[in-house]
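Each chain is listed here by its residues.
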Amino acid sequence: MASYLKTTPDAQGYFGTYGGAMLPPPLVPHFKDITDAYLRISKSADYINELRLIRKHFQGRPTPVSYLKNLSDACGGARLYAKREDLNHTGAHKLNHCMAEGLLARHMGKTKLMAETGAGQHGVALATAAAYFGMECEIHMGEDDIAKEAPNVTRMKLLGAEVVPVSFGGRSLKEAVDSCFESYLKQADTALFAIGSVVGPHPFPMMVRDFQHVVGVEAREQFLEMTGELPDMVAACVGGGSNAMGIFSGFIDDEGVALFGVEPLGSSSNLGDHAATMTYGEDGELHGFRSILLKDPQGAPAEVHTIASGLHYPGVGPEHAHLHRTGRATYVGATDTECLRAFYDLSRREGIIPALESAHAVAFAMREAPANPGKSILINLSGRGDKDIDYVTQNHGFGENLR
Ligand SMILES: *Cc1c(COP(=O)(O)O)cnc(C)c1O
């Protein structure tokens, strides 16, 4: 049987009925260029070797898999393991696709990387890649986000990026996307728009998945070596879905491995209080692709809430919508409170401070563990929590109320 990854998506970028590329006409040739270049370059020995060396000597890959013995003992039941993307350079999985996008841009003869950013994590990772490749970098960011995320703005500037403040509309992520597309149209010959997750028009959902595939390939090999078997369950948080697709893709042909995407249930099930797209959303179109989204009563992308800014998105990558429909992956949720409890528990019991995003996957594993004695759960720990410690401790202390 042909492996899933070789046959999905189809040539038009469809995962079943999800995905595609609904683009304004002037962008169509540019996205076709990117697709053609990716399909050609990603098979070249030069590109593959360069990327392998960058991952080893600059990013610090492979990242390890750790057995979380203390947390497993405390939960009782399943054995919990973590794939340590928090140890990747810059502290999260996002650099995996940013470095690959930068290398693609260089092979295409581009001199600039550009993107939008919400909380600034993607902007920092892309600015890092641009510095490495000696390219210009232009990051669009809403003025409200700039005010909230000052340390990441400072990082981007230190790394040499130009941060373009976006002052119209809600002055947040959605406007930053619009602003960045507008600017990209004027310089698409020399710049690459580097999307930050497995979202956007084809080829980005496929390409970013392929760039994150290294996480799943490493994790599968490491887990086998450590335990002699495959994990029973694999869990990852889902914002756009790139870290989840990275680890899922390593196990997708292993039918005995159950895949779980963990969405933010936020503070309540009311629209506006969560960002649980699969749990509460419906089919629709957003930012140039078909997927599942949360809509407001007028049918526009809804306002969302979650304690983890990296999961703050009313849509989800089309491949997740497809895996949800086919049943190959199961989508579940964790609330803000469960996430905080996992944040404190993993810090205290294992010496690992997780990103609030990743803490959603930890929360799911902690909840499932008691019902699954003898089984193993591999969590993708997508990033470290240094960026979150001020917010968490100023608002929730040291977790006294959650123990
Ligand atoms: C951005 C981010 C996420 C969410 O993005 P995905 O594309 O869903 O992976 C998750 N974890 C961390 C640490 C992030 O920075």
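Definitions and limits used
Sequence positions are assigned chain by chain, starting from 1 and proceeding in written order. Residue-level local features of this predicted model are given only where pLDDT is at least 70; pairs of side-chain atoms are given and counted only at 80 or more, and the full residue set underlies all totals for whole chains, interfaces and linings. To get the side-chain values, take all heavy atoms of the structure and skip hydrogens and water. UniProt positions are given in the numbering used here, feature names are shortened, and annotations may be inferred rather than shown by experiment. Axis angles are defined between N-to-C directions and span 0 to 180 degrees, where every axis is a line fitted to C-alpha atoms and, for a helix, only to the segment in contact. Numbered from the N terminus, helices here are DSSP runs of H or I no shorter than four residues, and strands are runs of E no shorter than two. Small angles under 35 degrees read as roughly parallel and large ones over 145 as roughly antiparallel, with 65 to 115 read as roughly perpendicular and the rest as oblique. Helix crossings get a hand from a simple test, with the near helix turned counterclockwise from the far one by less than a right angle marking a left-handed crossing and a clockwise turn marking a right-handed one. In what follows, residue pairs with any heavy atoms lying within 4.5 Å of each other are defined as contacts. Each residue is placed in one exposure class: buried if its accessible area under a 1.4 Å probe, protein chains only, is under 20% of its type's maximum, exposed if it is over 50%, and partly exposed if it falls in between. Criterion used throughout: strands pair if DSSP finds at least two bridges between them.

- Naming follows an unreviewed UniProt entry, where the chain appears as Tryptophan synthase beta chain of Paracoccus sphaerophysae.
- Listed under Cofactor (unreviewed entry) in UniProt, the entry text for the chain is "pyridoxal 5'-phosphate".
- As stated in UniProt under Catalytic activity (unreviewed entry), the record for the chain gives "(1S,2R)-1-C-(indol-3-yl)glycerol 3-phosphate + L-serine = D-glyceraldehyde 3-phosphate + L-tryptophan + H2O".

1. Observations concerning the packing of helix H3 (residues 45-59) against helix H5 (residues 94-107)
Part 1: For the pair H3 and H5, the least separation of the axes is 11 Å and the interaxial angle reads 140 degrees. With respect to their mutual orientation, H3 and H5 come out oblique. Crossing of H3 against H5: the hand is right-handed. Contacts from Asp46, Tyr47, Glu50, Leu51, Ile54, Arg55, Phe58 and Gln59 in H3 reach Leu95, Asn96, Met99, Ala100, Leu103, Leu104, Arg106 and His107 in H5.

2. Observations concerning helix H13 (residues 318-326)
Structural remark: α-helix, 3.6 residues per turn; residues separated by three or four positions point the same way.
Part 1: For H13, the complete set of buried residues consists of Pro318, Glu319, His320, Ala321, His322 and Leu323.
Part 2: Positive phi shows up at Gly327, right after H13, with a value of about 85 degrees.

3. Re the sheet that holds strand S9 (residues 233-237)
Part 1: Read from one edge to the other, the open sheet built from 6 strands follows the order S3-S4-S14-S9-S10-S13, with strand pairing classed as mixed. Each edge of the open sheet carries a strand with a single partner, namely strand S3 (65-67) and strand S13 (329-335). On average, each strand axis in the sheet is tilted by 30 degrees relative to the strand beside it, whichever way the strands run.
Part 2: With 5 bridges joining them, S9 and strand S10 (residues 258-266) adopt parallel strand pairing. What sits directly across from Val234, in S10, is Leu259.
Part 3: On top of the sheet, helix H10 (residues 204-227) reaches S3, strand S4 (79-84) and strand S14 (376-381); it is set at about 140 degrees to S4, its chief contact.

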